[in-house]
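# Fold and contact review
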Amino acid sequence: MSSSDFRHIASRTEAGKAERLFRAAVSAFCSLTRPSRREIAQLEDLTLPLFDEVSVESRRYVAAALSECEYAPAALVRRLAEEPVETAAPLLTRSKALSDIDLIALIGRHGLPHARAIARRKELNATIAHLIRALEKPTLVKTRPPETVTKLAPAKPEPAPTTQDSRPDPGVAEENARRRLRSIMRPAGQGAAVNLFLGQPTYVKLRETALTGNAAFFQTALADALDIDFATARSVTERSGYAALLAALKALDLSEDRAFLIAVAVYPGEFPHPQAIRLFLDRYRLLHREAALDKVRAWKAETLSRAIRGNATETSTEHHASNSDEKAAGRKAS
């Protein structure tokens, strides 16, 4: 079918059923050796309004046809890729019209069925391949059996609190949790259970911990990367939006695709459609790194201030206890 045939189909607004027009237009388009931008736009203008009126069989037929088309219209391909995997599979597996960002967004919205089809693509981006492996096996952090851990490092009972209030100090509990998380990340020779992140670049640590789905692991890695305390790192990731995390990732000078992969792992609900992804990338691109570094400096100052306040409280407590002991000794001497 020639280019003029396709133009003729595209101009036949009086065509019969949507079903026939939908199939015929795509078939004619796929026969074009090198369609122009105008012809690509024509196909989208013709088929997208008909999309909800055609059957699943027609959508499946068009998806298969466009999967082999080198110049497939991106908007139509993305619309078809949102269909159940039985329809979208040819496009997920082969279509060049789907960018890496499109693929990540599809995995985020549709999960394993789409991810497994995407995994069959040739020359798949390594980051996306890793994300799919993480979805297949979500538990990335493996620990030794309990008895082995017990043999290697017998648990020591923690001393009981000396004050009348038996509730643990939240700051102490956070630091203990962080210490336990770090012990999992240490080399096995140091009495830990696993060695997943030793010697890895900052981005790899952040990516791996984000993909575990365990917020505390990621917060610990973020605290180490930015040199802030655990409480501050937790506040960065537990806010309602990703603005603070955006600044953290920019300060670490991560590329857009790496920053997005981490953000979508930590805030999956923030990216329900491609426009949300585009907004993230625009915000990340426009955020000046110096402004992000200023934000991180403020967090570090907060960390230092918290540490100073903690030391002052501890010194005051020790001083009060010492004075009490001296007074008690004085009363005994008298």
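Note that the coordinates shown come from a computational prediction; the quantities given were computed from them, not determined experimentally.

Further remarks concern the overall build of the protein chain. A count of helices and strands for the protein chain gives 18 helices and zero strands. Residue burial in the protein chain is summarised as follows: out of 334 residues, 39% are buried. By sequence separation, contacts in the protein chain at least 24 residues apart represent 65% of the contacts at least 6 residues apart. Accessible surface, the protein chain: about 19300 Å² in total, of which carbon and sulfur atoms supply 53%.

Applying the stated criterion across every chain yields a total of 10 salt bridges. Among the ionic pairs, Arg79 bridges to Asp52, the shortest N-O distance being 3.0 Å. Residue Arg79 is located in helix H5 (residues 74-81), and its partner Asp52 is located in the loop between helix H3 (37-47) and helix H4 (56-67); the two are separated by 27 residues in the primary sequence. For Arg79, a relative accessible area of 31% translates into the label partly exposed. Through salt bridges that share partners, Glu256, Asp282 and Arg285 make up one connected network.

Before going further, it helps to examine the side chain of Gln219. You can see Gln219 is positioned in helix H13 (residues 215-226). Overall, Gln219 belongs to the buried group, its relative accessible area being 3%.

This part is about H5. Among all positions in H5, only Leu76, Val77, Leu80 and Ala81 are buried. The buried residues of H5 all sit within an arc of 135° when viewed along its axis, so they share a single face. Considering only its buried residues, H5 is in contact with helix H2 (18-30), H3, H4, helix H6 (85-94), helix H7 (100-110) and helix H8 (112-118).

Let's shift gears to the nonpolar core. With 78 residues, the main nonpolar core has Leu66, Ile118, Leu222, Phe271 and Phe280 as its most contacted residues. No other element matches the seven residues that helix H15 (residues 243-251) contributes to this core. Split by domain, this core shows at least three residues from each of two domains, domain 1 (10-136) and domain 2 (198-294). With residues up to four places along the chain from it excluded, the contact list for Phe271 reads Arg109, Tyr242, Phe260, Ala263, Val264, Ala276, Ile277 and Phe280.

As a packed pair, helix H9 (residues 126-136) and helix H12 (residues 202-211) sit with axes 10 Å apart at the nearest point and diverge in direction by 30°. As H9 runs across H12, the sense of the crossing is right-handed. For the pair formed by H9 and H12, the contact residues are Thr127, His130, Leu131 and Ala134 on the first element and Tyr203, Arg207, Glu208 and Leu211 on the second. For the contact of H9 with H12, the residue count by class is four nonpolar, two polar and two charged.

Let us look at unusual backbone geometry. Non-glycine residue Glu123 carries a positive phi angle of around 55°. Mapped onto the secondary structure, Glu123 falls in the loop between H8 and H9. For Glu123, a relative accessible area of 83% translates into the label exposed. A positive phi angle, near 60°, is found at Asp227, a position not held by glycine.

Basis of the calculations
Residues numbered from 1 in each chain as written. Predicted model: local features only at pLDDT ≥ 70, side-chain atom pairs only at ≥ 80, totals over all residues. Heavy atoms only, no water. Helix = DSSP H or I, 4+ residues; strand = E, 2+ residues; numbered from the N terminus. Buried < 20%, exposed > 50% of the residue type's maximum accessible area, 1.4 Å probe, protein only. Contact = heavy atoms within 4.5 Å. Areas by Shrake-Rupley, 256 points an atom, 1.4 Å probe, with all protein chains shown as cover. Salt bridge = Lys/Arg side-chain N within 4 Å of Asp/Glu carboxyl O. Arc of directions from axis to C-beta. Core = buried A, V, L, I, M, F, W, Y, C linked by side-chain atoms within 4.5 Å. Domains from an automatic or database assignment. Axes fitted to C-alpha atoms, helices over the stretch in contact; angles between N-to-C directions. Left-handed = near helix turned anticlockwise from the far one by under 90°. Nonpolar A, V, L, I, M, F, W, Y, C, P; charged D, E, K, R; others polar.

Function-wise, these values are silent; they only describe arrangement.
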